[in-house]
Amino acid sequence: MNSKITSALADAWTVTRLKWAMNVSVINKSPWQAISFLLSCLWSVGLVVGSVAFTWFYAQSLEMTESAVKSSAGVLGLFWTVGVVFISVAQLLAFGNSGINARTLYRFGMKRRSIRNALILSNMMTPSGIGCFLALTGVMGILGMHFVLGTGTGLFGSSVLAVARVWVLAVVSSLLAVLLASVTVQAVLALAMVVMRKKAVRNIATAVFLIAVIVVSQLSSILGAADGASDPTSARASSFDVILSFGQGEVGQWLLWQPWGSFSSLPVLASMPGLVSGLFMAVAVLGYLVVFILLLKLFAWSMQYDITAGPTLSDSAEKAEKTQKDAQKKQNAMRLTLDPFELNFVTGRFTGIIARLMAAFARDMRYALTLLIPFVFVGIFAFQGVMLGRMQMMVVSIPSASWMLCLTSLNMLAYDGTPFILHTYAGVKGRVDWYARNVFFVSLAVAVQIIISVIVLVIPGAVEDYLLFAGVEVLSLILVIQGTALSSVISSVFLYPEPSADNPFKAPQGRTLAKLISPVLWFVCFALLFIPGGVTFWVSIAFFDLTPVAQVSILLGVQGVFALGYFFGGTELAGWLLDKRRLKIHTTLRGFAELSRA
Amino acid sequence: MTADTAYSSAQPVALSVDGLLKTFGRKTAVDNLHLDVPEGSFYGIVGPNGAGKTTTLQMCTGMLLPSAGHVSLFGQDVWENLDEARAVMGVMPQADEIFDRLTGRQLLIYVGLLHGMKREESRRRADDLMAAFGLADAGKKIVADYSTGMKKKICLAVAMIHSPRILFLDEPFEAVDPVSSANLRDILKEYVAGGGTVVISSHVMALVEKMCSHVAIIAEGTVRAAGTLEEVSAGEELEDRFFELVGGRQETAHFDWLQGGEQE
């Protein structure tokens with residue numbers, strides 16, 4: 001038995017070192033990777049410190065009552081369970097391709113049982129795994145200690161020993177909770193390698209996930225409407241508050257009885273007599289063991305299936321695969337009848353680039369998704385409008401869509417990737433490149449704006465003030481024109497990795513950090529671009545006695561002229577920067593390609 | 001045979017490399033390299049991995065700034081006349097350096113347009129190239145669905161569509177099956193026969209022997225020998241001469257634990 005445990009820990013340590021070696025090799029590829037890694041470590045530290053500090057201060061406000069103990073435990077159980085579910089779903093959507101997986105280790109020659117143990121245990125040895133363990137221990141320990149010292153009763157007896165027992169139980173419970181979470185995540189990851197083989201399944205899973213994210217973000221509105229309140233948001237401040245109220249109520253108590261919830265809050269419950277009954281412990285332990293074993297079985301089955309099935313499919317499955325591929329080829333061929341390069345306007349470099357972008361939007365999921373998001377905004381605002389009884393909110397979807405589309409052209413060179421080199425080989429000048437791209441994006445954005453405007457106009461009650469509507473349309477146009485030019489300037493200077501076209505949902509390393517910084521930079525610059533309009537508006541208010549309509553008209557007029565100036569000036573600047581930094585951009589894009597392969 | 005090329009002074013030079021140097025920090029990838037590629041030749045640059053072949057080609061094609069030295073293409077400095085240089089050179093992109101969401105035909109038309117050709121001319125040349133490369137049936141298929149051999153062909157077509165005077169190919173036959181390799185070789189020979197110059201890098205001597213009229217052996221960033229095949233081989237087998245110049249050949253290692261047969 002001892003040798004099995006030792007062997008399992010040794011395997012886990014080997015995989016942990018392998019993960020670390022891979023991290024180091026990725027960190028060495030670019031400073032962004034190093035910064036991203038450092039921030040992730042800081043995040044783990046922050047999680048621990050923040051959780052503990054928050055819990056400490058939160059605990060001071062808690063009363064020494066049974067309901068306070070139960071609601072605290074319920075919230076803890078809910079957040080832990082939701083966290084595990086969220087991470088599991090994220091692993092599922094990685095399609096089983098994240099980092100080191102069972103398939104990879106098997107090909108390296110590792111035994112299957114060793115793989116299972118190694119992956120589960122090594123997950124707990126990562127900075128985030130250790131961070132979760134420490135954070136959960138801290139939270140349970142502080143809450144339990146607070147209640148124990150406050151009540152002087154409970155399972156732990158006298159105060160000094162009681163505090164020690166609380167912390168010991170917190171460590172043990174936390175270890176068990178993190179272990180179960182790790183087993184869950186790894187089992188789902190292994191399952192993903194089986195289930196997510198088909199493109200249709202991946203698309204459905206992604207769509208469901210996106211819908212779930214939207215539903216959760218709109219939870220306050222949904223529940224408010226269900227409550228029948230005239231102003232639902234007055235009762236429920238945000239989705240976070242909604243979830244918090246679930247934890248404090250019956251949902252939280254129910255979750256305490258399931259394995260992920262029970263061990264993430266046991267020390268808290270145990271601090272008050274009568275809350276941890278024999279039945280509760282029996283259910284918790286039995287439930288934990290059953291789920292643990294089932295997840296191990298699921299992991300083993302999934303791994304077995306993936307390793308043995310692999311690329312070799314059964315006859316019927318092979319036939320089905322071939323039929324699907326043939327259908328896809330036929331679909332490709334059908335799409336090709338709408339060949340943008342056959343359109344009459346395509347005559348040279350400028351229009352050729354536009355034609356290529358048209359083809360990209362038709363065939364590359366990454367581009368196509370960017371067109372979907374503005375319409376998601378329309379849906380969200382329509383939903384909110386219905387829930388709140390204020391359909392006029394839908395007008396906001398027009399500038400929101402325009403703003404999103406401006407961001408679409410941000411990092412566009414990274415979307416092109418290493419094939420951008422063809423532009424360099426052909427001697428395409430930066431200004432020609434960016435003028436073509438920007439004209440295309442503005443045209444596309446205007447087309448989308450027209451479609452969304454028609455949708456908004458058609459919906460009853462959405463447009464009551466046509467003057468306001470006209471103002472919003474002009475504002476949206478201004479957003480598009482100057483935002484697109486700004487995106488081209490930033491794109492020539494600051495690039496970050498994008499997923500490949502073959503795997504549009506697999507984010508390459510280092511992307512998260514850069515994707516946070518780039519839009520922030522964009523927003524700051526975008527705000528500065530509104531200075532002329534802002535100054536004009538201030539002057540019109542301060543020195544002239546004009547109607548609000550006149551003031552806004554002047555603002556939009558001035559800003560509109562500047563927007564055109566920004567468009568041409570920005571595009572010229574972007575072209576100049578592109579030419580100056582061309583070789584460096586190619587080196588960066590090659591680096592990104594290597595990251596995608598890592 | 002010295003490091004300087006021995007060729008007829010009457011033969012015009014397509015590519016002239018003089019004192020080329022490239023350092024990356026403390027590492028010298030290309031060290032004072034001299035090379036002259038005659039016009040109309042099929043020039044092979046061979047060397048072991050890490051010899052500096054790719055780095056040299058990147059500097060010659062304006063994709064990597066040299067630390068020192070000059071590169072001239074048909075008498076004009078490449079780095080001072082980059083636009084003119086790009087117009088006369090064709091660089092074969094790697095398989096991941098083409099827009100694979102376009103069909104083969106669309107890709108060629110697009111590259112033609114990028115080179116400043118009119119659409120009709122681009123279409124005509126694209127159709128000619130697709131037929132010549134045996135890709136006519138795959139013209140409506142997106143490049144992402146092409147096999148490795150087909151991708152190599154389309155990459156070569158991309159390099160040729162604007163009718164360059166000189167072609168640069170970096171290890172074009174890597175991972176390509178023998179049939180596709182043979183097809184590519186025939187196309188390149190046809191191009192050279194028509195007056196074009198080809199510069200190809202490889203670490204496969206047999207390939208260079210079969211295709212090239214001239215060869216330069218590079219190791220550790222310097223040219224060890226350059227000239228026609230006969231001049232460089234100097235009466236020996238080219239491969240043996242390669243090992244002699246490059247060095248690094250080791251005695252066969254014997255491992256007592258590596259037994260292919262039955263374990264005792």
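Please read all numbers here as calculations on a predicted model, not as lab measurements.

K.L.:
Can you break down the overall build of chain A residue by residue, with the values?
P.N.:
The secondary structure content of chain A amounts to 27 helices and zero strands. Across the 598 residues of chain A, 48% fall into the buried class. Contacts in chain A between residues far apart in sequence, at least 24 positions, make up 78% of those at least 6 positions apart. Carbon and sulfur atoms form 72% of the exposed surface of chain A, whose accessible area is close to 28,500 Å².

K.L.:
Residues and numbers for the nonpolar core, please.
P.N.:
Counting 119 residues, the largest nonpolar core has B:L15, B:L35, B:L107 and B:L156 as its most contacted members. When residues in this core are grouped by element, the largest group, eight residues, is from helix α5 (residues 148–160) of chain B. If we ignore the near neighbours within four places in the chain, the residues touching B:L35 are B:L15, B:S16, B:V17, B:Y43, B:I45, B:A216, B:V223 and B:A226. Counting 51 residues, the second-largest nonpolar core is a separate cluster that includes A:L105, A:A177, A:V178 and A:A187.

K.L.:
I'd like a description of the sheet that holds strand β4 (residues 68–73) of chain B, backed by residues and values.
P.N.:
Residue and element names in this part refer to chain B. As summarised here, the arrangement of the four strands in space is β2-β1-β4-β5, forming an open sheet in which the pairing is antiparallel. Among the strands making up the open sheet, the edge pair consists of β2 (27–38) and β5 (76–77). Judged from the eight bridges that link them, strand β1 (residues 13–24) and β2 form a sheet pairing that is antiparallel. Pairing of K22 across the sheet is with V30, part of β2. Packed on one face of the sheet, helix α1 (residues 53–60) meets β1, β2 and β4 and runs near 120° to β1.

K.L.:
Explain the interface of chain B and chain A to me, using residue names and the numbers behind them.
P.N.:
Contacts between the two partners involve 36 residues from chain B and, on the opposite side, 37 residues from chain A. Carbon and sulfur atoms supply 58% of the area that chain B and chain A bury against each other, a total of about 3,200 Å² over both sides. The largest contributions to the chain B side of the interface with chain A come from B:M63, B:R101 and B:L114, which together make up 22% of the buried area. Counting across the interface, chain B meets chain A through three salt bridges. Notably, a salt bridge pairs A:E342 with B:R105, separated by 3.1 Å at the nearest N-O pair. Joining chain B to chain A, the criterion identifies 15 residue pairs in polar contact (both at pLDDT 80 or more). Broken down by element, the side of chain B that touches chain A gets its largest block of residues, eight residues, from helix α3 (residues 104–114) of chain B.

K.L.:
Go over the confidence of the model for chain A, please, and point to the residues and values.
P.N.:
Residue and element names in this part refer to chain A. Model confidence for chain A is summarised by a mean pLDDT of 80, while 83% of its residues fall at 70 or above. The least confident element of chain A is helix α10 (residues 232–235), whose mean pLDDT is 49; the most confident is helix α21 (residues 421–425), at 96. In this model, residues 311–316 is a region of pLDDT below 50 whose contacts with residues beyond four sequence positions or in other chains number three contacts.

K.L.:
How would you sum up α5(B)? Please name residues and give values.
P.N.:
Relative to the 18 Å expected for 13 residues at 1.5 Å per residue, α5(B) spans 19 Å between its end C-alpha atoms, a close match to the ideal helical length. α5(B) sits mainly inside the fold: 11 of its 13 residues count as buried. Restricting attention to buried positions, one finds in α5(B) the residues B:G149, B:M150, B:K152, B:K153, B:I154, B:C155, B:L156, B:A157, B:V158, B:A159 and B:M160. Against the buried residues of α5(B) lie α21 of chain A together with β6 (89–91), α3, α4 (119–132), β7 (166–170) and α6 (178–193) of chain B.

K.L.:
Explain the packing of aromatic side chains to me, and be specific about the residues and the numbers.
P.N.:
Scanning the model with the defined rule gives 22 aromatic pairs over all chains in all. Measuring from centroid to centroid gives 5.8 Å for A:F341 and B:Y110, while their planes differ by 65°, and the two rings are edge-to-face. With A:F341 in the loop between α16 (315–336) and α17 (349–363) and B:Y110 in helix α3, this residue pair bridges two chains. B:Y110 shares its class with A:F341; the two are buried.

K.L.:
Run through the UniProt feature "domain: ABC transporter" (unreviewed entry) in chain B, naming residues and quoting values.
P.N.:
What UniProt calls "domain: ABC transporter" (unreviewed entry) maps, in this numbering, to residues 15–245 of chain B. End C-alpha to end C-alpha, residues 15–245 of chain B measures 23 Å, and it is 39% helix and 27% strand.

K.L.:
Explain the packing of helix α22 (residues 430–458) of chain A against helix α23 (residues 466–493) of chain A to me, and be specific about the residues and the numbers.
P.N.:
Residue and element names in this part refer to chain A. One way to put it is that α22 packs onto α23 with a least axis distance of 10 Å and a crossing angle of 155°. By the criterion of interaxial angle, the relationship of α22 to α23 is roughly antiparallel. The handedness of the crossing between α22 and α23 is right-handed. Each of W434, N438, F441, V442, A445, V446, Q449, S453, V456 and L457 in α22 lies in contact with α23, whose residues at this interface are Y466, F469, E473, S476, L477, V480, I481, T484, A485, S488, S491 and S492. Tallied by class, the residues present in the contact of α22 with α23 amount to 13 nonpolar, eight polar and one charged.

K.L.:
Tell me what's going on with the packing of α3(B) against α5(B), and back it up with residues and numbers.
P.N.:
All names here are of chain B. Relative orientation of the contacting elements α3 and α5 amounts to 20°, with a least axis distance of 9 Å. Between α3 and α5, the interaxial angle falls into the category roughly parallel. Classified by chirality, the crossing of α5 by α3 is right-handed. On the side of α3, the interface is formed by G104, L107, L108 and V111, while α5 contributes I154, A157 and V158. Classifying every residue of the contact of α3 with α5 by side-chain character gives six nonpolar, one polar and no charged.

K.L.:
Now, about the pattern of salt bridges: what can you tell me, with residues and values included?
P.N.:
For the structure on display, the rule yields 17 salt bridges over all chains. For B:R119, the salt bridge identified is with B:E120, shortest N-O distance 3.7 Å. Judged by its relative accessible area of 7%, B:R119 falls in the buried class. Between B:E244 and B:R241 there is a salt bridge, and its shortest N-O distance comes to 3.3 Å. Pair noted here: B:E244 and B:R241 are both in helix α9 (residues 238–246), with a separation of three residues, about one helical turn. We classify B:R241 as buried; its relative accessible area is 8%. Connected through salt bridges with shared partners, the residues A:E342, B:R105, B:R123 and B:D127 form a single ionic network.

K.L.:
I'd like to hear about the pairing of strand β9 (residues 214–219) of chain B, residue by residue, with values.
P.N.:
As a general feature of sheets, a regular strand has side chains that alternate between the two faces. All names here are of chain B. Most of β9 sits inside the fold, with six of its six residues counted as buried. By the alternation rule, side chains of β9 split into H214, A216 and I218 and V215, I217 and A219, which are all buried. Two elements, strand β3 (residues 42–46) and β9, share four bridges in a ladder whose sense is parallel. Looking at the pairing, G44 lines up with V215 of β9. Adjacent in sequence and paired antiparallel, β9 and strand β10 (residues 222–228) are bridged by two residues, among which E220 carries a positive phi angle near 50°.

K.L.:
If you had to explain a nonpolar patch on the surface to someone new, which residues and values would you point to?
P.N.:
Residue and element names in this part refer to chain A. Together, V520, V524, L528, I531 and V535 make up an exposed nonpolar region whose accessible area comes to about 440 Å². Looking at the nonpolar patch, the elements with two or more residues in it are α24 (511–529) and α25 (531–543). If one sorts the elements of the nonpolar patch by residue count, α24 sits on top with three residues. Considering the arrangement of structural elements, one finds I531 in helix α25.

K.L.:
Can you tell me about α25(A), naming the residues and giving the values?
P.N.:
Residue and element names in this part refer to chain A. The first and last C-alpha atoms of α25 sit 18 Å apart over 13 residues, in line with the 18 Å expected at 1.5 Å per residue. Of the residues making up α25, those classed as buried are P532, G533, T536 and S540. One side of α25 holds all its buried residues, which, seen down the axis, span an arc of 100°.

What counts and what doesn't
- Residues numbered from 1 in each chain as written.
- Chains lettered and ligands numbered in written order.
- Predicted model: local features only at pLDDT ≥ 70, side-chain atom pairs only at ≥ 80, totals over all residues.
- Heavy atoms only, no water.
- Helix = DSSP H or I, 4+ residues; strand = E, 2+ residues; numbered from the N terminus.
- Buried < 20%, exposed > 50% of the residue type's maximum accessible area, 1.4 Å probe, protein only.
- Contact = heavy atoms within 4.5 Å.
- Areas by Shrake-Rupley, 256 points an atom, 1.4 Å probe, with all protein chains shown as cover.
- Core = buried A, V, L, I, M, F, W, Y, C linked by side-chain atoms within 4.5 Å.
- Pairing = 2+ DSSP bridges.
- Axes fitted to C-alpha atoms, helices over the stretch in contact; angles between N-to-C directions.
- Buried area = accessible area lost by both parts, 1.4 Å probe.
- Salt bridge = Lys/Arg side-chain N within 4 Å of Asp/Glu carboxyl O.
- Polar contact = N/O pair within 3.5 Å; in protein donor to acceptor, adjacent residues only side chain to side chain.
- pLDDT = per-residue confidence, 0-100.
- Expected span 1.5 Å × (residues − 1).
- Phe/Tyr/Trp six-rings, centres within 6.5 Å; stacked < 30°, edge-to-face > 60°.
- UniProt positions renumbered as here; feature names shortened; annotations may be inferred.
- Parallel < 35°, antiparallel > 145°, perpendicular 65-115°, else oblique.
- Left-handed = near helix turned anticlockwise from the far one by under 90°.
- Nonpolar A, V, L, I, M, F, W, Y, C, P; charged D, E, K, R; others polar.
- Patch = residues over 30% accessible without salt bridge, like charges linked within 9 Å, V, L, I, M, F, W, Y side chains within 5 Å.
- Arc of directions from axis to C-beta.

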